[in-house]
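What follows is each chain in one-letter form.
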Amino acid sequence: MLRLSKVNKYYQVGTHSLHVLRDVDFEVADGEFVAIMGASGSGKSTLLNILGILDDYDSGEYWLGDTVINKLSESKAASYRNRFIGFVFQSFNLLPFKTALENVALPLYYQGVTRRKRNQIAAQYLERVGLRDWADHLPSEMSGGQKQRVAIARALIGKPRLILADEPTGALDSETSKQIMDLLSEINATGITVLIVTHDPEVASRTQRTIRLRDGKVVNALEASASHPGIAAAVP
Amino acid sequence: MFDLDKWKEIWSTLRSNPLRTFLTAFGVFWGILMLMAMLGFGSAIQSGSQRQMKGMATNLLFVWGQQTTESYDGLPPGRGVRFNTADIELLRRLPSIEYLAPRLQLGGWMNNFTVSHESKNGTFTVMADYPELKHIVAFEYDAGRFINERDIAEQRKVVVIGRAVYEQLFEPGIDPINKHIKISGVYFQVVGLTRTLRGGNQGDRDANTLFVPFTTLKTAFNIGDRVGFFAMTAKPGTDGPELERQVREALSRHHRISPTDQLAIGSFNMFVMYSKFEMFFLVLQLVSWVVGGATLLAGVIGVSNIMLITVKERTKEIGVRKALGASPMSIVSMVMKESIVLTAFAGLIGVVAGVALLAGTGAILEHLPESPLGPPNVSLSTVLTAVAVLIGAGALAGVMPATHAASIKPIEALRAE
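All of these numbers come straight from a predicted model, not from anything done at the bench.

Asker: Run through the overall build of chain A, naming residues and quoting values.
Answerer: Helix and strand counts for chain A come out as 9 helices and 10 strands. Out of the 236 residues belonging to chain A, those deemed buried represent 50%. Restricting to contacts in chain A with at least 6 residues of sequence separation, those with at least 24 account for 70%. Split by element, the accessible area of chain A, about 10,900 Å² in all, is 49% carbon and sulfur.

Shown next as structure tokens:
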């Protein structure tokens, strides 16, 4: 599905160069459900941006399917994002002036699907996340859990092969978080690869595998446990 | 272009901050309204003045005798210059003159005469004229005709009267033709009733004037060989100042006037007047475009400014759109369309308001008698140009915000909370 080999990323901060990702190496197979964990500043957001083709990297290789993603033009990157990747954000990022239905349909707008057809498809996806009756509501009229469901429906509508979720439960209470994780599991069960960035061990425990980042490096569970005994206890 | 969805997108953004949209649109609206108002009133002043000058040839020259101011050929200064019938022959030989109308006012310049018909009478201007006058001052006739060659040759006692003369001397509905009226004790037969094409003072003067054949007046009132003044037009292709120079030269020689004595002969050159008028209106129109255009430009800059603020405020939204697969082009086109729609819509309302304003003012002016202003008109082509300029301006206003929007990086946008 996707493979990173020796990916490095630097940020220029004033005169200093910050080495954010150091030789990041990992692979995610088709249909896997993976969590990326790390403390803040560990480089997990940067990693997610690179995986989502929202940001470039400086060296190494990122393979998405059988394509190397590197220094794409903006329009090409936009088109790959549109066709291969669905995004789910911590703060949902729904457009406030659009109804749930219109928000879900938005990716299809950029694919040039006619209005009628995309609204029809959007309605199906809303039904799939259990919000059929909320189609005409604005995000401001919905609860956090509902908003995240709309966002998930929006991420799914382009039939992506990969869902990238950035702290999808970060803004939700534990009960709602559980429901959202259930939904993501269901989606994974249909064969879509799901990658979740989180710092919540609860969430990570729901996935099949956890990749840990520390100071921009992928570390194995043992190394991680050395510095985080609390987490080590949670990992068998 | 006519995808309903794109319009909905534009509408929803513009609606999301109605006050700001309204104020921005108002800038453009006001700009185009001002431009139209200025052009309209410029044209009103122009058509008003042209109405005053209507019915008068534009290549017209008047010359009259004054007093010499220089001694010449043994003659002292201060000598009165009086034109006479010999000058008629002299000027007729000048090739640059198209029509020559020697004229004489009975009793002298600005003097009026008592004219009567049956028990009614009034005081009017009496002019002795040649048929050529009709080429210099255009009249229409409510009845009859103007003085003709036979009237001149036979020294007929006929008269052509103005509208006001008719209204003063005749009962309404009476046909004045062939009726006799008495001018200073002499009977003249009415052969024509004129209706002037000129407006204002000139038109009033025309309506209060009687025209008799030049030769008749001479004998009937024993005026001798005097000519009051000459009115003439230049042949096409001859310019006014050149004609004036030739006429002055011929008359000066004949009357033994110093060639450098400009004050001995008075003149009024319509050609020079007219080019001054034309220059004035050209400048007026230019000023209208510059001031109106600047107001419009201020409005357009307002649009650009607002779009830029809007784009900054929508950074996150644009980031989301990009993450979902919006290409930079689609973002550019979205912002540009918003800008064009806002500008064009506000501008069109301005055009409609402008047309209404001009039409309304025109209707009021029409009911004002003797208004110095004509109907304020703005030509369709001007309006269409303004609309095209607006749409272009809208696009221009959108360029900077749109490029800014396209350059927004999704990661930075999504990070912005």
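Asker: Can you break down the environment of B:A346 residue by residue, with the values?
Answerer: Residues and elements named next belong to chain B. Counting through the fold element by element, A346 comes out in helix 12 (residues 328–367). Note: C-alpha distance between A346 and T21 (325 residues apart in sequence) is 9.9 Å. Among residues more than four places away in sequence, those in contact with A346 are A25, V28 and F29.

Asker: How would you sum up the packing of helix 3 (residues 100–109) of chain A against helix 4 (residues 115–128) of chain A? Please name residues and give values.
Answerer: Residue and element names in this part refer to chain A. At their nearest, the axes of helix 3 and helix 4 sit 8 Å apart, and the two run at 120° to each other. Our classification of the angle between helix 3 and helix 4 gives oblique. The two elements helix 3 and helix 4 cross, and the hand of that crossing is right-handed. Across the interface between the two elements, A100, L101, V104, A105, L108 and Y109 from helix 3 touch R118, N119, I121, A122, A123, Y125 and L126 from helix 4. In terms of residue class, the contact of helix 3 with helix 4 is made up of 11 nonpolar, 1 polar and 1 charged.

Asker: Lay out the side chain of A:Q146 with the relevant residues and their values.
Answerer: All names here are of chain A. Mapped onto the elements of the fold, Q146 is located in helix 5 (residues 144–157). Q146 gets classed as buried once you look at its relative accessible area, which sits at 17%. Setting aside its immediate chain neighbours within four residues, Q146 contacts L131 and W134.

Asker: I'd like a rundown of empty space enclosed by the protein, residues and numbers included.
Answerer: Residues and elements named next belong to chain A. Inspection of the entire model under this criterion finds 3 cavities of 30 Å³ or more. What the largest cavity holds in volume is close to 80 Å³. Surrounding the largest cavity, 13 residues form its lining, N82, I85, G86, P107 and A155 being those nearest its centre. Elements with a minimum of two residues in the lining of the largest cavity: helix 2 (74–84), strand 6 (85–88) and helix 5. For the lining of the largest cavity, the per-class residue count stands at 8 nonpolar, 3 polar and 2 charged. Taken as a whole, the second largest cavity encloses approximately 70 Å³ of empty space.

Asker: Go over the nonpolar core, please, and point to the residues and values.
Answerer: By size, the foremost hydrophobic cluster in this structure holds 74 residues, and its most contacted members are A:L2, A:F26 and A:L51. At 8 residues, the largest contribution of residues to this core is made by helix 13 (residues 380–406) of chain B. With 65 residues, the next largest nonpolar core counts B:I88, B:F113, B:L133 and B:F229 among its residues.

Scoring rules and cut-offs
- Counting from 1, residues in each chain are numbered in the order their sequence is written.
- Here chains are named by letter from A upward and ligands by number from 1 upward, in the order in which they appear as written.
- pLDDT decides what is reported in this predicted model: residues at 70 or higher carry local features, side-chain atom pairs at 80 or more are listed and counted, and totals for whole chains, interfaces and linings draw on all residues regardless.
- Only hydrogens and water are set aside when side-chain values are computed; all heavy atoms of the structure are taken into account.
- Secondary structure elements follow DSSP: runs of H or I no shorter than four residues count as helices, runs of E no shorter than two count as strands, and numbering proceeds from the N terminus.
- Partly exposed residues are those whose accessible area sits between 20% and 50% of the maximum for their type, while under 20% is buried and over 50% is exposed, using a 1.4 Å probe and protein chains only.
- Any pair of residues with heavy atoms lying within 4.5 Å of one another is described as a contacting pair.
- Where accessible areas are quoted, they stem from the Shrake-Rupley method and a 1.4 Å probe; at the residue level, only the protein chains shown are allowed to cover.
- Note on definitions: angles span 0 to 180 degrees between N-to-C directions of axes, and those axes are lines fitted to C-alpha atoms, for helices only across the stretch in contact.
- Any angle between 65 and 115 degrees counts as roughly perpendicular, while under 35 counts as roughly parallel, over 145 as roughly antiparallel, and the rest as oblique.
- Definitions for this section: a left-handed crossing has its near helix turned counterclockwise from the far helix by less than a right angle. A right-handed crossing has that turn clockwise.
- Ten residue types, Ala, Val, Leu, Ile, Met, Phe, Trp, Tyr, Cys and Pro, are classed as nonpolar, four, Asp, Glu, Lys and Arg, as charged, and the remainder, Gly among them, as polar.
- Both cavities and pockets are sets of points on a 1 Å grid over the protein atoms alone; in a cavity a 1.4 Å probe fits but cannot get out, in a pocket the set is open with protein on both sides within 12 Å along at least five of seven lines, and lining residues sit with an atom within 4 Å of a point.
- Grid points are joined across faces, edges and corners, and a volume is the space filled by probe spheres set on the points.
- To form a nonpolar core, buried Ala, Val, Leu, Ile, Met, Phe, Trp, Tyr and Cys residues must be joined to one another through side-chain atoms within 4.5 Å.

Purely spatial values, then, with no claim about function.
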